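# Structure assessment
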Number of protein chains: 2
Amino acid sequence: MLTRRLSRRALYQQVRDVLASRIAAGEWRPGVALPSEADLARELGVSSGTTRKALKLLEAERLLTRRQGHGTFVTDPASDEHALRYTNICTGDGERIASEVEVLEVSKGLASEAQRNRLGLRPDGETCCIRRVHRCDGEPFIVEEIAMPSVLFPGLVERGDLSRSIASLAREFGILLGRAEERLSVGAATEFGAKLLRLPVGAPILMLDRLIHSVDGTPVEWCLRQAHLDDKYYDAKLD
Amino acid sequence: MLTRRLSRRALYQQVRDVLASRIAAGEWRPGVALPSEADLARELGVSSGTTRKALKLLEAERLLTRRQGHGTFVTDPASDEHALRYTNICTGDGERIASEVEVLEVSKGLASEAQRNRLGLRPDGETCCIRRVHRCDGEPFIVEEIAMPSVLFPGLVERGDLSRSIASLAREFGILLGRAEERLSVGAATEFGAKLLRLPVGAPILMLDRLIHSVDGTPVEWCLRQAHLDDKYYDAKLD
DNA sequence: TAGTGGTCTAGACCACAGA
DNA sequence: CTGTGGTCTAGACCACTAA
């Protein structure tokens, strides 16, 4: 039950937390409406204004979509909204690229020091590692090395399709994705990258270093990429 | 006076507009508190909840800073908050760079076709153009070519200091800055860039293409940059 | 202690979508 | 027409800041 002044956390934040975990648990399938504001408010024993504020938060976090006169819905993790959320590379005409992905290598084991630092893991922390290549119209243009804390994705490497987007994987394991930072620089293609991108070793290339957190701030994915852009570009939004 | 249902625009949006223009006009100096929510509400003839919603909007647009128990203040355009708003290049240890700027060249005239397209100008539109170089610890690392619609900055080139940030310039001319997009790619240093950055022509370099809009969506500044990063990096936020 | 913004409530009315 | 989310109000109380 929701406490009022026993907890320091604001009531609408507590409502957000309750709803977020129920969403993560899959209580409402994407495409099916949640109860209305008024019904949720009654159920939770708070005012509809407080419920409304919580729903607004969840909408801002992209967990929900609301439409006047229609209802409140869980955002479909298979939608472009989610799949392209962390994808900032565009074709020359400004379209986000939904690239074809091929998995090259999968492994699991003790995290390297760099991985521990970046993902905030303890010395005995383990990671799942994936190497993949992205193609656009058959042309390889990105190679990437992904590391994820094993504890967040139990049984991941033993299972099926690792070519899916992080949004899709996270959904399956009940993780709600939040903010991310990406560091960009110009570098020289490594042997690994050059071979797959069909470039000479040392060719100038865009290096990307991305860290995705969950909504509560836990690091979820560290992704190192080498990109050969050609006429594509990286589209950063500043606001 | 604020109309209620004569206008389709929501009341709190109208309150936002009124306050935004009063801020742009310099009615309240940075560092001095605005009237309280209750006082503003009385003055404008709306409820304090509506006023509150408008103030929240203006805070999200970075025009205001609010602190519980303290008051509501106009954000100082000379503050880092504003000056570094569109600056995503960091030193190796993650600090935004407040670089030293030198103006190389200033001109004004009929906009080029590219400038018209990017800034949404008519065929007879004019632009102010500035070429500058940025240094960090004396080392040049960015050269840039800026274009701004002359009509927004009357008398700019005839006046003083063009080494200031766009935030500072905009403040002087009563323009409130909003969203921006920046396109990044890897390119070869032009003759202009290479010379100033002390690199060979054709050296691999980060190319940046930034467009800043005002809060109401009008393009305000187009900035083309060439950056030699070394151990610095571009820090993009994804959320 | 006085004054500020932040939270919470209860309820009225509006705008929109779908049966 | 009904039900949804969006706006707006009035007022109570809480939490923080500074004098």
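Attention here is on the structure that accompanies the text. (Residues numbered from 1 in each chain as written. Chains lettered and ligands numbered in written order. Predicted model: local features only at pLDDT ≥ 70, side-chain atom pairs only at ≥ 80, totals over all residues. Heavy atoms only, no water.)

## A look at the interface of chain A and chain B
For clarity, the threshold we go by: By definition, residues are in contact when any of their heavy atoms lie within 4.5 Å. Each salt bridge in this description consists of a side-chain nitrogen of Lys or Arg and a carboxyl oxygen of Asp or Glu lying within 4 Å of one another. Any N or O atom pair separated by 3.5 Å or less is treated as a polar contact, with the protein-specific requirement of one donor-capable and one acceptor-capable atom, and with residues adjacent in sequence counted only for side-chain atom pairs. Secondary structure elements are defined from DSSP: runs of H or I of at least 4 residues count as helices, runs of E of at least 2 residues count as strands, and each element is numbered from the N terminus.
Facing 25 residues of chain A, the contacting portion of chain B comprises 25 residues. For the pair chain A and chain B, the number of links is two salt bridges. Taking the shortest distance from any N to any O, the salt bridge between A:Asp239 and B:Arg179 comes out at 3.7 Å. Our count for the contact surface shared by chain A and chain B stands at 10 residue pairs in polar contact (both at pLDDT 80 or more). Of all the secondary structure elements, the ones that give two or more residues to the side of chain A that touches chain B are strand E7 (177-188), strand E8 (204-214) and strand E10 (233-238) of chain A. If you tally residues by element for the side of chain A that touches chain B, the top one is E7(A), at eight residues.

## Notes on the packing of aromatic side chains
All names here are of chain B. Note the cut-off: Each aromatic pair joins two rings of Phe, Tyr and Trp (for Trp, the six-membered one) with centres within 6.5 Å, and gets the label stacked for planes under 30 degrees apart, edge-to-face for over 60, and tilted for any other angle. A 1.4 Å probe rolled over the protein chains alone gives each residue an accessible area, and that area as a share of the maximum for its type sets the label: buried under 20%, exposed over 50%, partly exposed in between. Lysine and arginine charges are scored as sitting over a ring when NZ or CZ, respectively, is within 6 Å of the ring centre and within 35 degrees of the ring normal.
The final tally for this structure, using the stated rule, is two aromatic pairs over all chains. The interplanar angle of 70° and the centroid separation of 5.3 Å between the aromatic rings of Phe153 and Phe173 together place this pair among those described as edge-to-face. Highlighted residues: Phe153 in the loop between strand E6 (139-149) and helix H6 (166-172) and Phe173 in the loop between H6 and strand E7 (177-188), separated in sequence by 20 residues. Neither residue differs from the other here; Phe153 and Phe173 are each classed as buried. Above the ring of Tyr12, the side-chain terminus of Lys53 is found at 4.5 Å from the ring centroid.

## Re the relation of the copies chain A and chain B
Our working definition: We place the copies in one frame by least squares, fitting the C-alpha atoms of every residue whose pLDDT is at least 70 in both.
Each copy superposes on the other: chain A lies on chain B with an RMSD of 0.1 Å after a rotation of 180° and an axial shift of 0.0 Å. The superposition operator between the copies reduces to a two-fold rotation axis. Across chain A, the rotation axis passes nearest the C-alpha of A:Pro204, at a separation of 3.0 Å.

## Quick look at the protein's contact with DNA strand C
Operational definition: Being near a molecule or strand, for a residue, means having at least one of its heavy atoms within 4 Å of it. Amino acid classes used here: Ala, Val, Leu, Ile, Met, Phe, Trp, Tyr, Cys and Pro are nonpolar; Asp, Glu, Lys and Arg are charged; the rest, including Gly, are polar.
Around DNA strand C, the surrounding shell holds 21 residues, and the nearest of these are A:Leu11, A:Ser47, A:Thr50, B:Arg52 and B:Thr72. With respect to DNA strand C, the side chain of A:Ser47 contributes an N or O atom lying 2.7 Å from a phosphate oxygen. A:Gly69 places a main-chain nitrogen or oxygen 3.4 Å from a sugar or linking oxygen of DNA strand C. Residue assignment for the surface near DNA strand C shows that the elements contributing at least two residues are helix H1 (11-24) and helix H3 (48-60) of chain A together with strand E1 (64-67) and strand E2 (71-74) of chain B. Each residue belonging to the surface near DNA strand C can be placed in one class, and the counts come to four nonpolar, nine polar and eight charged.

## Focus on the sheet that holds E8(A)
Formally: A pair of strands is considered paired only if DSSP assigns at least 2 bridges between the two.
One open sheet holds the eight strands; their spatial order is E4(A)-E5(A)-E6(A)-E9(A)-E8(A)-E7(A)-E10(B)-E3(B), and the pairing between them is antiparallel. This sheet does not close on itself; its edge strands, each paired only once, are strand E4 (100-110) of chain A together with strand E3 (89-90) of chain B. Bridging between strand E6 (residues 139-149) of chain A and strand E9 (residues 219-227) of chain A involves six bridges; their strand directions are antiparallel. Residue pairing across strands places A:Ile142 opposite A:Ala227, the latter belonging to E9(A).

## Topic: the layout of surface pockets
Quick note on the threshold: A cavity, in this analysis, means grid points on a 1 Å lattice covering only the protein atoms where a 1.4 Å probe fits yet has no way out; a pocket is instead an open set bounded by protein on both sides within 12 Å along at least five of seven lines, and a residue lines either one if it has an atom within 4 Å of a point. Grid points are joined across faces, edges and corners, and a volume is the space filled by probe spheres set on the points.
Taken as a whole, the largest pocket encloses approximately 1,500 Å³ of empty space. Lining the largest pocket are 42 residues, and of these A:Arg62, A:Arg179, A:Asp239, B:Arg179 and B:Asp239 lie nearest its centre. For the lining of the largest pocket, the leading source of residues is E7(B), giving five residues. When grouped by side-chain class, the residues that make up the lining of the largest pocket number 13 nonpolar, nine polar and 20 charged. In this model, the second largest pocket occupies a volume close to 590 Å³. Around the second largest pocket, the lining residues are A:Tyr12, A:Gly49, A:Arg52, A:Lys53, A:Lys56, A:Leu57, B:Tyr12, B:Gly49, B:Arg52, B:Lys53, B:Lys56 and B:Leu57. Of all the elements in the fold, those that place two or more residues in the lining of the second largest pocket are H3 of chain A together with helix H3 (48-60) of chain B. Split into classes, the residues belonging to the lining of the second largest pocket amount to four nonpolar, two polar and six charged.

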